[in-house]
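# Topology and contacts: notes
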Amino acid sequence: MQDQDLADQEARKKKELNAVLRNFEQEEDETPDCLKEKVDAMLAEKLETAVACVSAKRLQKGRSDAAQGIVIVQFEKKQHKIMVFKARGKLAGTTIGLDDYLTILHQQRENAVWPAFKDFRSRGVKTQWRAEKLFMTEGEHFLEHTVLNL
């Protein structure tokens, strides 16, 4: 059982270093090294960060649908990922998206409670996004706030 716990812990640590790029352009003769160089160039030019990725892997190779543009990017340190996410507002004029999670269900849940999150924050209420749910403080305790039950 301890081996499984260690494996789960390692998987969580790796996930903390990953980000998901959406709608990232694919070339016909693209190689993994070429993809990594393109991602590094995008990080330097569009996001104006000095962060380089450790690896970049495209999901669903060979498909001609919209899912073709998904790239999993791994950073060396969690701080590098945080720097990139702080600068992701600079992608506003492009079709490229930067996410922390791959699943559509998670994104739907986050999008459903986003207006409530902004409202609570604007009123000075402490909030946290944890375990795919929005929590707000009442006194010293965090209470779950649900807008849409997906």
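Preceding this section is the structure that the text describes.
This text gives an overview of the structure that appears in the document. In this text, all values refer to a predicted model and were calculated from it rather than measured experimentally.

### Details of the side chain of Arg58
Secondary-structure assignment places Arg58 in strand E2 (residues 53-58). At 3.2 Å, the side chain of Arg58 and the backbone oxygen of Phe24 are in polar contact. Looking at Arg58, its side chain comes within polar contact range of the main-chain oxygen of Glu25, at 3.1 Å.

### Digging into the sheet that holds E2
Spatial strand order, E2-E3-E1-E4: 4 strands in an open sheet with antiparallel pairing. The open sheet has two edge strands, E2 and strand E4 (97-99), and neither has a second partner. Put simply, the sheet's adjacent strands are angled 25 degrees from each other on average, direction ignored. In this structure, strand E1 (residues 18-22) lies alongside strand E3 (residues 71-75), joined through 4 bridges in antiparallel fashion. Considered in E3, the bridge of Asn18 is made with Gln74.

Conventions we followed
- Residues numbered from 1 in each chain as written.
- Predicted model: local features only at pLDDT ≥ 70, side-chain atom pairs only at ≥ 80, totals over all residues.
- Heavy atoms only, no water.
- Helix = DSSP H or I, 4+ residues; strand = E, 2+ residues; numbered from the N terminus.
- Polar contact = N/O pair within 3.5 Å; in protein donor to acceptor, adjacent residues only side chain to side chain.
- Pairing = 2+ DSSP bridges.
- Axes fitted to C-alpha atoms, helices over the stretch in contact; angles between N-to-C directions.

Remember, this is a structural readout, not a statement about activity or role.
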